[in-house]
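Observations on the model geometry
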Amino acid sequence: VRFIIPLDSFPVRMSDCNCSNLVLLAIGAIGLYLMRKYFKGGQFTENVSARGKVAVVTGANTGIGLETVKELNLRGAKVYMLCRSEQRAAAAKEELVKSGCDSSRLIYVNCDLGSKDNIRKCAAKLNQLESRIDILINNAGVWTGAYEKTKDGHEMTWGTNHLGHFLLTELLLHLVEKSLEGRIVNVASLVHAQSTAIDLAKIDSKDGFDTSMAYNKSKLANVMHARELTRRLRSKGQTTATVNSLHPGVIATELLRNLGFGYKIFQIVFAFFMKSWKDGAQTSLYSALSTEVKGVSGQYFSDCARKAEAPLAVDDLACKQLYDYSLKAVGL
């Protein structure tokens, strides 16, 4: 059956109300909404409580670290905020409390991942305060615009993103193992797949230094660390503690603050295509809390789902060599 209704039977013609323009605007709006939803990525929507859990988050005063702390606290966890600056940590805590977090379950501990002595002091304090750690999220990261060294003489990006977190993890590992379901989460990046093989003999050298490659290698090390630590835990019969790595997404964070004005313009122009801090924290929360990840270890995630690592990240010999090197590099 066909129904034919003449347009002139309507009191107002379609052309008079610019309906075609309205349709185009509606289609455009829907398209933008769907695009934005796509760029937001996977969301952790599982109704899981963190009540009674003890969590430790590095880089907790800004970006996805701040959002991770917020969600863990709102779900009931006590969260230790590991930050370099007490002033910035205090400002972040004030912001978190305004958003509904429980101030009594937000504890600042000074931690400079570029200093082995400082990391040891931080770990010693946590050992005094807690008998176990349920969640350790190695979230902090730096990306320098030029070659710099840590206080201990390591290239800054490598020394902070990998060695700093490696030492912290080693010093807190026994507390994670005391948890009924201890989880360690390394916030790595998709760019680990863009890294060349890590030359451990030249990793701290200024010769041929490239800022992007230095960052890529540190993120590759984060993935390799999770894989090898899993192997070592399982080899000694530890079956409850887990270690995983993840890609949080392309996020407009303060990570690029040291790379010059051009990158700031880049962030402004392409903000629509980037994840927000909250969106970027979703896979960290998924890895730390989801029942889907219970018992899963040595894996790599993105958008709250298992993803394949780069071939270099699953080279078992290279992972072992990196771990052995790291133990010596941090003095263990």
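Parameters at a glance
- Residues numbered from 1 in each chain as written.
- Predicted model: local features only at pLDDT ≥ 70, side-chain atom pairs only at ≥ 80, totals over all residues.
- Heavy atoms only, no water.
- UniProt positions renumbered as here; feature names shortened; annotations may be inferred.
- Axes fitted to C-alpha atoms, helices over the stretch in contact; angles between N-to-C directions.
- Helix = DSSP H or I, 4+ residues; strand = E, 2+ residues; numbered from the N terminus.
- Parallel < 35°, antiparallel > 145°, perpendicular 65-115°, else oblique.
- Left-handed = near helix turned anticlockwise from the far one by under 90°.
- Contact = heavy atoms within 4.5 Å.
- Buried < 20%, exposed > 50% of the residue type's maximum accessible area, 1.4 Å probe, protein only.

If you look the protein chain up in an unreviewed UniProt entry, it shows as Dehydrogenase from Pristionchus mayeri. Among the UniProt annotations of the protein chain, the heading Sequence similarities (unreviewed entry) holds the following wording: "Belongs to the short-chain dehydrogenases/reductases (SDR) family."

What follows deals with the packing of helix 4 (residues 116–129) against helix 5 (residues 156–177). Contact geometry of helix 4 with helix 5 gives a least axis separation of 10 Å together with a crossing angle of 20°. Classed by the angle they form, the pair helix 4 and helix 5 counts as roughly parallel. Note on packing geometry: the crossing formed by helix 4 with helix 5 is right-handed. The segment helix 4 lies against helix 5, with Lys 116, Ile 119, Arg 120, Cys 122, Ala 123, Leu 126 and Asn 127 engaging Gly 164, Leu 167, Leu 168, Leu 171, Leu 172, His 174 and Leu 175.

Let us look at the environment of Ala 123. Mapping Ala 123 onto the fold places it in helix 4. Judged by its relative accessible area of 3%, Ala 123 is buried. Considering only alpha carbons, one finds Ala 123 and Thr 169, 46 residues apart in sequence, at a separation of 9.0 Å. With sequence-adjacent residues up to four places away left out, Ala 123 is seen in contact with Leu 171 and Leu 172.

Here we come to the side chain of Asn 222. Within the secondary structure, Asn 222 sits in helix 6 (residues 211–235). We classify Asn 222 as buried; its relative accessible area is 4%. If sequence neighbours within four positions are ignored, Asn 222 has contacts with Asn 161, His 162, Asn 186, Val 187, Ala 188 and Ser 245.

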